[in-house]
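Each chain is listed here by its residues.
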Amino acid sequence: MWDVLKDRREALEGKDILSLFDRADRAAAYSVETDGVLLDYSKTLIDDAACSALVDLARSSGVEERRAAMFAGKPINETEGRAVLHTALRNPDGPAIEVEGEDIMSGVRDTLARMRSLAEEVRSGRFEGAGGTIEDVVNIGIGGSHLGPEMGTRALGPYHDGPRCHFVSNVDGADIHDTLSGLDPARTLVIVASKTFTTIETMTNARTAHDWMAKAVAEPGAQFVALSSATEKAAEFGIAPERVFAFGDWVGGRYSMWGPIGLALMIAIGPDDFDDFLRGGAAMDAHFRAAPLAGNMPVMLALTGIWHHQVCGYPTRAVLPYDQRLARLPAYLQQLEMESNGKRVTMTGAPLSTQSGPVVWGAPGTNGQHAFYQLIHQGTQIVPCEFMVAARGHEPDLAHHHALLAANCLAQSEALMRGRGLDAARALMAQAGHEGEERERQARHRVFPGNRPSTTLIYDLLTPFRLGQIVALYEHRVFVEGVILGINSFDQWGVELGKELAGTMADVLSGDAPLDAKDGSTRQLVTFVQSQRGR
Ligand code: F6P
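Residues numbered from 1 in each chain as written. Predicted model: local features only at pLDDT ≥ 70, side-chain atom pairs only at ≥ 80, totals over all residues. Heavy atoms only, no water.

Participant: Just give me the short version of the sheet that holds strand β8 (residues 164-168), but keep the residues and values in it.
Facilitator: Backbone-to-backbone hydrogen bonds join strands into a sheet, with any given pair of strands oriented parallel or antiparallel. A sheet is described by the order of its strands in space; here 5 strands give the open sequence β8-β7-β9-β10-β11, paired in parallel fashion. Taken across any chain shown, the strands that pair with only one partner, and hence form the sheet edges, are β8 and β11 (244-245). The pairing of strand β7 (residues 136-140) with strand β9 (residues 188-193) spans 5 bridges and is parallel. Opposite D136, over in β9, you have T188 as the bridge partner. (Pairing = 2+ DSSP bridges. Helix = DSSP H or I, 4+ residues; strand = E, 2+ residues; numbered from the N terminus.)

This is how it looks when you write it as structure tokens:
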């Protein structure tokens, strides 16, 4: 199947994406719409033969079987022997699902009800700190215990009517210092979000926050909440069971914002809007499960990614939301995609025969246009772009801003595809008064090769429901790509080595462990740090 795709790619060499629009219905044929969200992948060099080969690849890789196994709670995270059921968190009224012989759904419903009750108490002022109603919530977590609630809270700013929410992740003391300074400990709620409750960054920050609160509050533990699978560790930290919200090991960190890890978001926007966010995710699940592969949004987004990275060899992809409130979405998707599919062996342990997942990066438009789009338009690397934009904004008084924002988004995808040829550039330079060799030289700088692929995700307004759809869309995209590559998208062994070495390096830096075994570069850096600390 890969050979068929590579052959098709070669056959398309030299063909313009624009020419594919000679077929009048290309835009509609290369789009998927579900529940008010439209994905247009027509501005790519995928033609009918490539498209059907891609769909065949998905089918022959077992995407449908694997999808059924995931939703049924089979242990598809094979290296950890775990089910993958974040989808259950967003479908609390769904049918029973058994994991190791026990139905997990009643636990999902109970936890959601407890989260709702705490969120309502905090928001209404019934839950008080030592100094009165809670004015600030500080979520301490990292990776999947940070990026989701942080991204979601920012994305849904127009719905934020609860206390202020802050997010601390980095072990750099600057992060917690700058966050806590200015807050009143007597009116702050601290959420310690850690699936394992052992992550060094989170536990260090949690202890610092506890010390900070203990200076002003007689019972600091009463203003702490834990979101964790390790309930006994949360208890050891001094957090009472009624403020511990657990979730099963069938929820991966980077897939966890739908459950307890989403508590800060729920406190910010309120339980009803949080329910809408869950409903959006569940709507995308329903579409993903039911739609035929060729009309399935996550499948077609995944196949576009496979085409660009594994078939065409483009090393990265850019996520470009034309929505300032989605500023943290590229970082969120970096973890989701790169921690899930950045693997070098297949499920069986054999080396991958293709590239693993691509580098994912991005920033909101229009800001990126004035920073890195130069390379996207005229650099020698091709960067497939994933645009997203709402048809309207949340600020009716500023509709002219949104009109400009949307126009820029649509203009960029068109410009990337069309480009500007040498003749057009020459004509421009002639108009500007250049002649002869100077006209030629100036014109060459103004050529845009075009034929650069992009997809666009478009929707009416960024509501909680829409955000749920978008996050679930990308989760399933990652899943489909992982199945096609034969990867386990749900473990993350690659982060372990750095964690282990950092532990021993702390002893080396403090002089408690010997330096001799280290390489020359590391010895030099350690010596530099030690000498500066001595000052
Ligand atoms: O970076 C590794 C990782 O395990 C992520 O997968 C996870 O989201 C993050 O660390 C935080 O882990 P925890 O929630 O256990 O603190």
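Having seen the structure, we can now continue with the description.
Participant: Explain the site of the ligand residue by residue, including any values.
Facilitator: Near the ligand lie 14 residues; those nearest to it are S145, S194, T196, T199 and E339. Side-chain polar atom of Q335 to an oxygen atom of the ligand: 3.3 Å apart, as the coordinates give it. In this structure, an oxygen atom belonging to the ligand sits 2.6 Å away from a side-chain N or O atom of E339. Here the ligand loses 88% of its free accessible area of 390 Å² to cover by the protein chains. Placement of the ligand is best described as lying within the largest pocket. Class assignment of the residues belonging to the shell around the ligand gives a composition of 2 nonpolar, 9 polar and 3 charged. (Near = heavy atom within 4 Å. Polar contact = N/O pair within 3.5 Å; in protein donor to acceptor, adjacent residues only side chain to side chain. Areas by Shrake-Rupley, 256 points an atom, 1.4 Å probe, with all protein chains shown as cover. 1 Å grid on protein atoms, 1.4 Å probe; cavity = no way out; pocket = protein on both sides within 12 Å on 5 of 7 lines; lining within 4 Å. Sits in = over half its atoms within 2 Å of the grid points. Nonpolar A, V, L, I, M, F, W, Y, C, P; charged D, E, K, R; others polar.)

Participant: Give a description of the side chain of E150 that names residues and reports values.
Facilitator: Take E150: it is sitting in helix α7 (residues 147-155). A relative accessible area of 17% means that E150 is categorised as buried. Looking at E150, its side chain comes within polar contact range of the side chain of R328, at 2.8 Å. Dropping the residues within four chain positions of it, E150 is found in contact with F167 and R328. (Buried < 20%, exposed > 50% of the residue type's maximum accessible area, 1.4 Å probe, protein only. Contact = heavy atoms within 4.5 Å.)

Participant: Before we move on, can you summarise the pattern of salt bridges with the specific residues and values?
Facilitator: Taken as a whole and assessed by the stated rule, the structure comprises 34 salt bridges. Linking R116 and D275 is a salt bridge whose minimum nitrogen-to-oxygen distance equals 2.8 Å. Of this pair, R116 sits in helix α6 (residues 105-124) while D275 sits in helix α12 (residues 271-290), placing them 159 residues apart in sequence. With a relative accessible area of 18%, D275 lands in the buried category. R477 serves as the salt-bridge partner of E481, at 3.0 Å between the closest nitrogen and oxygen. In this pair, E481 and R477 are both assigned in helix α19 (residues 464-485), 4 residues apart and thus about one turn of the helix distant. Three or more residues joined by partner-sharing salt bridges are found here, namely R317, E337, E386, R477 and E481. (Salt bridge = Lys/Arg side-chain N within 4 Å of Asp/Glu carboxyl O.)

Purely spatial values, then, with no claim about function.
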